[in-house]
Amino acid sequence: MNAHNPSGWRPAMPLDAPPGQHAATSSGDRGLMLEEPLIFELGQPGTCGVDLDEPEMAVLPGLARYLRSAEADLPGLSEPEAVRHYTRLSRQNYGIDLGPFPLGSCTMKHNPRLNEKVARLAGFADVHPLQPVETVQGALGVIVQLADWLTALTGMDAVAMTPKAGAHGELCGLLCIRAALEARGDAREVILVPESAHGTNPATAAFAGYRVESIPATIAGRVDLGALEARLGPDVAGVMITNPNTCGLFEPNMKRIADAVHAAGGFVYCDGANFNAIVGKVRPGDLGIDAMHINLHKTFSTPHGGGGPGAGPVVLSAALAPFAPLPYALRQSDGALRLIEEDTAPADHPQGLGRMTAFHGQMGMFTRALSYILSHGADGLRRVAEDAVLNANYVLRSLEDVLTAPFGASGPCMHEALFSDEGLPEGFTTLDLAKGLIDEGFHPMTVYFPLVVHGAMLIEPTETESKSGLDRFIASLRHVAERAKAGDPALKSAPHFAPRRRLDETQAARRPVLVWEGWT
Amino acid sequence: MTPSLGGSEAMRYLPLTASDRAEMLGVIGAADIDALFADVPAEARLDSPIAGLPRHASEMAVGRHMAELAAKNLSAGNAPFFLGAGAYRHHIPASVDHLIQRGEFLTAYTPYQPEIAQGTLQVLFEFQTQVARLFGTQIANASMYDGSTACWEAITMAGRITRRGRTVISGGLHPHYIAVATTMARFTGDVLLVQTPELTAAPDDAATIAAIDDETSAVVVQYPDVLGRIPDLAAITEAAHSKGALLIVVVTEPVALGLIEAPGTLGADIVVGEGQALGVGLQFGGPYLGLFGCREKFVRQMPGRLCGETVDADGKRAFVLTLSTREQHIRREKATSNICTNSGLCALAFSIHLTLLGGAGLGRLARNNHTRAQAAAAALTRVPGVSLLNDSYVNEFTLLLPRDAREVVNDLAGHGILGGVSLGRLYPGETDLHCGLLVTATEMTTDEDIQQFATVLEALLVDTHEGAPT
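Criteria and cut-off values
- The numbering scheme is per chain: residues are counted from 1 as the chain's sequence reads.
- Chain letters and ligand numbers both follow the written order, the letters beginning at A and the numbers at 1.
- Reporting of local features is limited, given that this is a predicted model, to residues whose pLDDT is at least 70; pairs of side-chain atoms are given and counted only at 80 or more, and all residues count toward the totals for whole chains, interfaces and linings.
- Side-chain numbers come from the whole structure's heavy atoms, not from hydrogens or water.
- The rule is simple: take the accessible area with a 1.4 Å probe, protein chains only, and divide by the maximum for that residue type; under 20% is buried, over 50% is exposed, in between is partly exposed.
- The helix count covers DSSP runs of H or I at least four residues long, the strand count covers runs of E at least two residues long, and both are numbered beginning at the N terminus.
- This arc describes the spread of directions from the helix axis toward the C-beta atoms.
- Strands pair, by our definition, only if DSSP identifies at least two bridges between them.
- Whether two residues are in contact is decided by their heavy atoms: any pair within 4.5 Å suffices.
- To obtain an axis, a line is fitted to C-alpha atoms, over the contacting stretch when the element is a helix, and the angle between two such axes runs from 0 to 180 degrees between their N-to-C directions.
- Each domain's extent was defined by an automatic or database domain assignment.
- Summed over both partners, the accessible surface that disappears when two parts come together, traced with a 1.4 Å probe, is what is meant by buried area.
- Every case where a carboxyl oxygen of Asp or Glu lies within 4 Å of a side-chain nitrogen of Lys or Arg is listed as a salt bridge.
- Two cysteine sulfurs form a disulfide in these notes if their separation is within 2.5 Å.
- The term polar contact refers here to a pair of N or O atoms within 3.5 Å; inside protein, the definition further demands a hydrogen-donor-capable atom paired with an acceptor-capable atom, and it admits residues adjacent in sequence only when both atoms are side-chain atoms.

Participant: Would you mind going over helix 13 (residues 405–414) of chain B in detail, with residue names and values included?
Facilitator: The periodicity of an α-helix, 3.6 residues per turn, causes residues three or four places apart in sequence to face the same way. Looking only at helix 13 of chain B, the buried set comprises Ala405, Val408, Val409, Leu412 and Ala413 of chain B. Along the long axis of helix 13 of chain B, the arc covered by the buried residues comes to 140 degrees, so they all point the same way.

In structure tokens:
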């Protein structure tokens, strides 16, 4: 039975601006808007929330000269205090569990809880990376099964599983390219990167010892094929291309680009950040790609955790497979699972790069990603790409009358819809729209990226948003855009309803305060 | 076999219905889904699900498949367990895993919109402070991939500061950390002077110090070292600084710092480490988290994300990612590193565990570990033919066995005992080290575990003696 409600207001109906005056509170909290001090302001060094025996034995005599002069200056909290501290802090965060998180190029999709459950099985969570290989056959089984799926979905020959994140995967791919070139005695110095690329691409190329040169984009948002072909030559080790690209567009000339690069003796690295748009629809190996990292935390839904951990396995063509780093797990012809490490590498994987990380990569992410992949199957993964692309095009066409879609006329987008700030009235920016969306209860889209579009807004809804959820998001973004067009000054100071208003980021950078400095 | 469902079209993670899809295609003005993929060349487009792969499967079926794989592993809780060497098994309070599964932490992105990410940001600020205090450094960053990659980042950072390109790496550094640096240095041109550890009671400080010269950018020392020994950081600091080199200290077992002096206090310029031991399970090697602290004057050469304090428009204290002009999304090819992430959720777990412990609890935990390790060392060295290398250690030490320790470890596993890490596994090319067995004991190690290990080890080695020529 409904309560008596004279206004008729209920959730999802518009709400007028609140009155300017709030009642003062002595706590600083306001109802469920709870503020939380730092642990250093709450805890004491002597407090401990873990019961531990105080041991009776003495310190080893040989250790005596190395002992601490005083206990570490770290506060402790009892368990109830700690649970409350972190729970209160969590409520100041937005997460996918609360609503859409349409960050373009980030693929913030639902994180299935089955995957959390299986990752916590003791057989995966409580296994040491250096146990005898016979005792970890199930862990190697996860790695090899996931590797099989990744190579099948991409049409590639092998996969380097150990890279810890997307940028680490880029590094792995470029080192494989460099090792392959060195193996044929071919020292090349330049990596070509389109100007629309994510910042990790040029940074990775530089970190791998290459000089980076930029390739312009066409007015249709694609790589300028003519400029690329003109620059190819004996000094070019390869190109790094993002496909679908950071404008949310497929590179229709990908195969031609790859053929041209190969003809000039180079390799093609593909940034696989946007693989979610094409999984099950196109195999990158069919487009001539030599190496591509796969962000398991994007396409295969492992949780982003407030900024990592990620996971960035790299699929490799036959030309690069011999250079995959150690350790390297594989299935022998008799079905047994093997782990190639330094002892057997000289015989079995002689050209392999050494380690890029101490152990086997992000095992906790492998279990989650395999669980996700098995849940979807080949049919479900294909549907993932289709629904992701459908949702993005729906957003594109539902907003292009109030926002400028710079490439909207060139056809459908892939998994993300790109808008620019063109047409916003004087004094209003992309940032204002983003902050206005926060007040509407949404996480904003990616802003000011890619750099090739002025005031970019890149919206990636992903396939796990319902149509009704998208309709609510679209209505809110339309409302915010219309407020901008009406010159609403309150939008300039949004957000008003978030745990914090706009921050003074200049002060934070000018006089960095990176640690709490009390007690000393 | 992998699981698969029969004819069902439903897929539990995909909310769009057939009528939604039809209606949305109408709004878009597309005839069908494939019209949206028109930019994909027809010859590359797949017309149906990739052949030979299973179809979608129920939660129940996938759960069963994954449980079967998990059951093929011998998990640490099902055996007397003595492995360490860069990954440690400690008790993780139940509240840690509960709290990191709060959806607002678990399913948040990098806090680029600070107004709605103060939870993550305040945790990072607290984490940075905890790491700095644990390490005795002035500042720390918001975490990195893991200890081994943080170690390489520290080497390149020291090169940027000193403008020198030669790094002295102590033989006590974990060989996999050396391997990561070696992989990278092959391509960057950095020169690494790498040493192999000697099986001596004292760590390799003298050899490390002897390798430092006027061209040395940095000296890398693990503390405690890979064999569990404690290097004399004060002496190495003095030697490094007298030549204008920086001291990088690597800590793979942060619990040890509850007992031994903080590296920064002993003069280290950069301290990096593996944070897994606190709050993060073994997980077959990842995800873990790299810890990274240094002197404040080096902040603009530091890699990785940094969280700083500021205020909002209402004057309220708030936190924000800062100094991003060092990072790849601003600086592109001129960035201090290509890294684009931290290990946020692992940093949260580390921070919660350390908050539950506090300084007093960390000290007690470390003493507890030290005591268990002494008990293990005492029992195992009573086995005929077994001797202890170290005269200093916290919770990890090296035993010398009368035969190849790698075989012994495999034989122990055959008896259901996970009996440490052999130096043969870590140094396959160094046959002089192959009698070494690295053994770790923590607060999780029981007297019964130790007794079983000692009993089976004795039986295995007796067999050796009986079979050996006299």
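Still more ground to cover, so stick around.
Participant: Describe the sheet that holds strand 11 (residues 396–400) of chain B, listing the residues and the values that go with them.
Facilitator: Residues and elements named next belong to chain B. Spatial ordering of the open sheet is given by 10-11-13-12, a layout of four strands whose pairing is antiparallel. The sheet is open, and its two borders are formed by strand 10 (387–388) and strand 12 (421–422), each paired with just one other strand. Across two bridges, the pairing between strand 12 and strand 13 (residues 436–440) is antiparallel. Within strand 13, the position partnered with valine 421 by the bridge is leucine 438. Each of strand 10, strand 11 and strand 13 touches helix 12 (residues 344–381); the most contacted strand, strand 11, lies at about 5 degrees to it.

Participant: Can you lay out the domain arrangement of chain B for me, pointing to particular residues and giving the numbers?
Facilitator: Residue and element names in this part refer to chain B. Structurally, chain B comprises domain 1 (82–89 + 359–462) and domain 2 (94–354). Distance between the C-alpha centres of domain 1 and domain 2: 27 Å. Taken together, the contacts link 31 residues of domain 1 with 31 residues of domain 2. Between domain 1 and domain 2, the buried area comes to about 2500 Å², and carbon and sulfur atoms account for 69% of it. Considering only the side of domain 1, the residues that lose the most area to domain 2 are Tyr88, Leu362 and Leu389, jointly responsible for 25% of the buried surface there. On inspection of domain 1 and its partner domain 2, the count reaches zero salt bridges.

Participant: Could you give an account of the pattern of salt bridges, naming the residues involved and the relevant values?
Facilitator: All names here are of chain A. Using the criterion set out here, one finds 55 salt bridges over all chains in the structure. One salt bridge in this structure joins arginine 88 and glutamate 36, with 2.7 Å as the shortest N-O distance. In this pair, arginine 88 is assigned in helix 2 (residues 79–90) and glutamate 36 in the segment before helix 1 (39–42), connecting sequence segments 52 residues apart. Among the salt bridges present, the one from aspartate 186 reaches arginine 184, with a minimum N-O distance of 3.2 Å.

Participant: I'd love a proper account of the state of the cysteines, names of residues and values included.
Facilitator: Inspection of the entire model under this criterion finds zero disulfides over all chains. Its sulfur unpaired, cysteine 172 of chain A is 4.3 Å from the next cysteine sulfur, which belongs to cysteine 176 of chain A.

Participant: Before we move on, can you summarise the interface of chain A and chain B with the specific residues and values?
Facilitator: Much of the literature gives interface size as the accessible area that the parts lose upon coming together. Each side of the interface is counted separately: chain A has 207 residues, and chain B has 195 residues. Summing both sides of the interface, chain A and chain B together bury roughly 17200 Å²; the carbon and sulfur share of this comes to 62%. When the buried area of chain A at its contact with chain B is split by residue, Tyr86, Phe207 and Leu514 of chain A rank highest and sum to 5% of it. Connecting chain A to chain B are 18 salt bridges.

Participant: Provide a residue-level description of the environment of histidine 297 of chain A, including the pertinent values.
Facilitator: All names here are of chain A. Looking at the secondary structure, you find histidine 297 in the loop between strand 6 (291–293) and strand 7 (314–316). Using a relative accessible area of 10% as the deciding quantity, one classes histidine 297 as buried. Separated by 186 residues in sequence, histidine 297 and asparagine 111 have C-alpha atoms that sit 9.4 Å apart. Not counting residues within four places of it along the chain, the set of residues in contact with histidine 297 comprises Thr107, Gly166, Thr302, His304, Gly310 and Ala311. A distance of 3.2 Å separates a polar atom in the side chain of histidine 297 from the backbone nitrogen of alanine 311.

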